[in-house]
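Read off the chains here:
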Amino acid sequence: MQFSSRLIEDAVNAFAGLPGIGKKTALRLVLSLVQRPTEDSVHLARAIASMRENIQHCITCGNLSDQTVCSICRDQRRDKSIICVVESIRDVMAIEETQQYRGVYHVLGGVISPIEGIGPADLNIDTLVQRSTAPEVREVIMAISPTIEGDTTIFYINKQLTEADVQVSSIARGVSFGGELEYADEVTLGRSIVARRKL
Amino acid sequence: MHLSHLKLTQFKNYESQHLDFSPRLNCFVGFNGAGKTNLLEAIYYLCMSKGYGSTVDQYSIRHGDRGARIGGTFVLDDEREDRIVVKLRKRQRKVIERNGTAYARISEHVGRYPVVIVTPDDINLVLEGSATRRKLLDNSLSQTDPQYLNHLITYNRLLDNRNARLKELEGHPDHTGLLGVYDAQMEAPAMYIFEKRKEFVDPFTELLTQAYATISGRREEVGLEYKSQLLDTGWETLLAERAEKDRILQRTTGGIHRDELVFTQDEHPLRRVASQGQLKSFVLSLKLAQYRLLERSTNRTPILLLDDIFDKLDHERVKQLLGLVMGSTFGQLFITDTDPERITSLISHDPAVEWQRFLVVDGVARNEAEWKRFLEEE
Ligand SMILES: Nc1ncnc2c1ncn2[C@@H]1O[C@H](COP(=O)(O)OP(=O)(O)OP(=O)(O)O)[C@@H](O)[C@H]1O
Ligand SMILES: [Mg+2]
Ligand SMILES: [Zn+2]
């Protein structure tokens with residue numbers, strides 16, 4: 001791609017560095033910004049910078065948050081006796097979409113997969129075990145992708161939780177084996193949480 | 001089922017080639033490098049959507065061209081015809097069409113047109129390490145049992161993860177208990193695969209020894225033995241035995257990934273005692289046994305491709321082998337030979353056999369009539 005402007009080229013390259021955006025799309029975004037009022041670009045840049053500078057991980061559950069503790073953990077109406085364990089923040093969003101779940105979350109940050117260099121110590125497992133020993137916690141739900149590594153992670157965590165006095169369940173497998181949770185449709189996912197089974 | 005027609009465009013050393021086949025026997029004769037094996041490869045592509053062994057799609061496109069096309073017509077047992085086209089293009093995904101429509105997934109194609117190929121490289125089944133022979137077991141079993149393939153994929157994935165974990169631990173014991181999780185997860189797939197392999201061996205050996213007896217004229221006897229740690233110990237014991245060793249060697253030392261298929265000749269290890277012709281006879285018998293299994297699982301008569309099978313076999317064995325595969329229990333046959341007369345002398349005494357002979361010269365194949373016309377024009 002040939003650019004007559006260094007400024008345009010830099011902006012295109014910045015966009016194209018993001019996942020899912022190719023050079024062509026990047027150029028379309030940049031040209032669209034050029035056509036809009038200057039304030040739009042300033043607003044976009046501020047929003048991005050402010051987000052990046054202030055966003056943090058909730059110290060309780062690992063979810064993304066504006067404050068030290070996330071809005072879900074702070075919400076008085078949520079049932080703190082149930083913890084739903086998920087791989088990623090996107091899974092939290094997917095389950096929130098279903099509006100079937102009123103408990104709190106715990107974000108692991110992945111699944112155990114030594115071939116990809118991810119061992120138990122690389123995930124938020126210790127904090128989960130700690131949280132689960134609190135007297136108010138009664139149940140831990142594993143909402144992990146039904147893959148081989150997902151199963152390993154579920155079995156591993158289940159083992160770690162034997163000391164804690166909690167019931168451990170796994171979401172029902174409405175999701176096809178080998179599928180990724182994030183791609184499951186809302187209805188299936190919602191039903192899977194309601195129909196979770198004890199491990 | 002048989003292949004009635006083949007059309008090649010820019011495939012290997014063929015620029016443009018049409019061929020009509022006999023439903024029974026077809027022979028490709030010609031000098032080294034003429035393009036005989038390439039024709040078998042083209043047929044294999046039509047049946048399996050890919051080349052045999054280490055064949056790479058990109059190298060199947062004729063040098064200097066950007067794409068290749070293999071077209072073929074299969075006549076099914078109910079006289080219906082399926083037109084298959086395989087399109088290979090440089091740096092693009094290959095396309096397989098059936099009766100004008102591309103498959104959404106190429107895996108839908110596999111198994112519709114069963115084929116068995118025997119090439120000189122197959123001798124590696126005997127000579128190479130045990131992984132090659134486990135693959136023979138796995139391929140045969142996966143064809144008839146999709147569950148088997150699922151368990152195998154799961155087992156191998158767990159094994160890779162477990163080995164990676166052992167490496168990561170660098171010889172230290174695992175205090176987290178993750179290895180134990182893998183042990184528990186591996187049990188179901190391991191036991192399933194073990195049971196299926198064990199069940200497979202006896203009937204397979206019977207098919208193998210039958211074929212071998214015919215080819216060899218019962219001059220020697222061959223056998224097959226399945227070896228697995230699980231034949232001697234249960235899963236729990238196996239785990240206990242491997243634990244310490246695994247830690248030190250930093251890999252999983254026990255399990256069905258260590259299974260072995262031992263080939264024997266008169267009770268001795270085949271690879272130590274068999275002569276070259278005996279080895280070849282064995283590999284052929286092995287392939288003919290697979291042919292029968294494939295026939296059972298697909299309910300179709302497979303196509304048999306025999307590349308350079310006469311090499312190293314004595315006259316008597318060649319005769320027995322041809323007699324066997326020309327029998328009524330086999331379907332369509334494709335054979336290559338460098339000697340244009342050998343095959344003629346072997347089967348022309350039987351006028352009932354309907355067959356076609358093609359002379360292959362530098363990427364052009366001609367049947368007898370075309371060849372005669374070509375010579376007259378020269
Ligand atoms: N992609 C390609 N483009 C052009 N020619 C090719 C290509 N791939 C292979 N060839 C040629 O095809 C020929 C090999 O053909 P093939 O293996 O069919 O020979 P063959 O008749 O079986 O010989 P042999 O009797 O030695 O086994 C070689 O001359 C090789 O250069
Ligand atoms: Mg050849
Ligand atoms: Zn939180």
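Keep in mind that this is a model prediction, so the values were computed, not measured. Position labels on residues start from 1 in each chain and follow its written sequence. Ligands are numbered from 1 and chains lettered from A, in the order in which they are written. Selection of residues for local features in this predicted model requires a pLDDT of at least 70, selection of side-chain atom pairs for listing and counting requires 80 or more, and totals for whole chains, interfaces and linings are taken over all residues. Side-chain metrics rest on all non-hydrogen atoms present in the structure, leaving aside hydrogens and water.

### Details of the overall build of chain A
So, step 1. To qualify as a helix, a DSSP run of H or I must reach at least 4 residues; to qualify as a strand, a run of E must reach at least 2; elements of each kind are numbered from the N terminus. Helix and strand counts for chain A come out as eight helices and seven strands.
So, step 2. Across chain A, the fraction of contacts at a sequence separation of at least 24, relative to all contacts at a separation of at least 6, is 55%.
So, step 3. Each accessible area is a Shrake-Rupley result for a 1.4 Å probe, and residues are judged covered by the shown protein chains and nothing else. If you sum the accessible surface of chain A, you get close to 11,500 Å²; carbon and sulfur atoms cover 51% of it. Residues are treated as being in contact if the distance between any of their heavy atoms lies within 4.5 Å.

### Let's talk about the nonpolar core
Across soluble globular proteins, you tend to see nonpolar side chains buried next to one another.
So, step 1. Of all hydrophobic cores here, the largest spans 79 residues; its most connected members are Val 85 and Ile 157 of chain A together with Phe 282 of chain B.
So, step 2. Every residue in contact with Phe 282 of chain B, bar those within four places of it in the chain, is listed here: Val 126, Leu 208, Tyr 212, Val 222, Gly 223, Phe 263 and Leu 270 of chain B.
So, step 3. Counting 38 residues, the second largest nonpolar core, distinct from the first, contains Tyr 44, Leu 46, Ile 117 and Phe 334 of chain B. Residues enter a nonpolar core if they are buried and are Ala, Val, Leu, Ile, Met, Phe, Trp, Tyr or Cys, with the set joined through side-chain atoms within 4.5 Å. Burial classes follow relative accessibility: with a 1.4 Å probe on protein chains only, a residue under 20% of its type's maximum area counts as buried, one over 50% as exposed, and anything between as partly exposed.

### Focus: the packing of helix H6 (residues 178-216) of chain B against helix H8 (residues 235-249) of chain B
Each pair of packed helices can be described by the angle between their axes along with the distance between the axes.
Residue and element names in this part refer to chain B.
So, step 1. Helix axes are fitted only over the stretch in contact, all axes being lines through C-alpha atoms; the angle between N-to-C directions runs from 0 to 180 degrees. Interaxial distance between H6 and H8 falls to 11 Å at its minimum, and their mutual angle equals 130°. Classed by the angle they form, the pair H6 and H8 counts as oblique. Remark: the crossing between H6 and H8 carries right-handed chirality. Contact residues: H6 offers Asp 183, Met 186, Glu 187, Ala 190 and Met 191, while H8 offers Trp 235, Glu 236, Leu 239 and Arg 242.
So, step 2. Of the residues belonging to the contact of H6 with H8, the class tally is five nonpolar, no polar and four charged. Orientation categories follow fixed angle ranges, with anything under 35 degrees roughly parallel, anything over 145 roughly antiparallel, 65 to 115 roughly perpendicular, and all other angles oblique. What makes a crossing left-handed is the near helix being turned counterclockwise from the far one by less than a right angle; a clockwise turn instead makes it right-handed. Under the scheme applied, nonpolar residues are Ala, Val, Leu, Ile, Met, Phe, Trp, Tyr, Cys and Pro; charged residues are Asp, Glu, Lys and Arg; polar residues are all the others, including Gly.

### Digging into the site of ligand 1
All names here are of chain B.
So, step 1. Among the 16 residues in the neighbourhood of ligand 1, the closest are listed as Gly 33, Lys 36, Thr 37, Asn 38 and Ile 61.
So, step 2. What qualifies as a polar contact is a pair of N or O atoms within 3.5 Å, subject to a donor-acceptor requirement within protein and to the restriction that residues adjacent in sequence count only when both atoms come from side chains. At a separation of 3.3 Å, an oxygen atom of ligand 1 approaches a polar backbone atom of Ala 34.
So, step 3. At 2.9 Å from a nitrogen atom of ligand 1 is found a main-chain nitrogen or oxygen belonging to Tyr 59.
So, step 4. Here the residues of the shell around ligand 1 are counted per class, giving four nonpolar, eight polar and four charged. Only a single heavy atom is needed: when it lies within 4 Å of a molecule or strand, its residue is near that molecule or strand.

### Quick notes on the coordination of the zinc ion (ligand 3)
Metal coordination angles in their ideal form are 109.5 degrees for the four-donor tetrahedron and 90 or 180 degrees for the six-donor octahedron.
Residues and elements named next belong to chain A.
So, step 1. Metal sites are built from N, O and S donor atoms within 2.8 Å, or 3.2 Å for Na, K and Ca, and they leave out water, so they may look incomplete. The coordination sphere of the zinc ion (ligand 3), as far as protein atoms go, consists of Cys 58 (SG), Cys 61 (SG), Cys 70 (SG) and Cys 73 (SG), spread over 2.2 to 2.4 Å.
So, step 2. A four-donor site is called tetrahedral if each angle lies between 85 and 135 degrees; a four-donor site is square planar, and a six-donor site octahedral, when trans pairs exceed 155 degrees and the remaining angles lie between 65 and 115; all other cases are labelled irregular. Coordination at the zinc ion (ligand 3) is tetrahedral: its four donor atoms span angles of 106 to 114° at the metal.
So, step 3. Within one chain, the residues donating to the zinc ion (ligand 3) are spaced in sequence as C-x2-C-x8-C-x2-C. Residue Cys 58 is found in the loop between strand S1 (56-57) and strand S2 (64-65), and its partner Cys 70 is found in the loop between S2 and helix H4 (71-74); the two are separated by 12 residues along the sequence. Each member of the pair Cys 58 and Cys 70 is classed as buried.

### Observations concerning the domain arrangement of chain B
In many reports, interface size means the accessible area that the parts give up when they come together.
Residues and elements named next belong to chain B.
So, step 1. Looking at the assigned domains, one finds that chain B contains domain 1 (1-114 + 303-378) and domain 2 (121-299).
So, step 2. Centre-to-centre, using C-alpha coordinates, domain 1 lies 32 Å away from domain 2.
So, step 3. Two parts lose some accessible area (1.4 Å probe) when they are put together, and adding that loss for both gives the buried area. Across the domain 1 to domain 2 interface the summed buried area is about 1,700 Å²; carbon plus sulfur atoms make up 61%.
So, step 4. Salt bridge, as used here, is a side-chain nitrogen of Lys or Arg placed within 4 Å of a carboxyl oxygen of Asp or Glu. Here domain 1 and domain 2 share one salt bridge between them.
So, step 5. Note that Arg 317 is salt-bridged to Glu 220, the shortest N-O span being 2.8 Å.
So, step 6. Our enumeration of links across domain 1 and domain 2 arrives at seven residue pairs in polar contact (both at pLDDT 80 or more).
So, step 7. Those elements that provide at least two residues to the side of domain 1 that touches domain 2 are strand S12 (303-306) and helix H11 (315-325).
So, step 8. Ranked by residue count, the leading element in the side of domain 1 that touches domain 2 is H11, at six residues. These domain limits were set by an automatic method or by a database of domain assignments.

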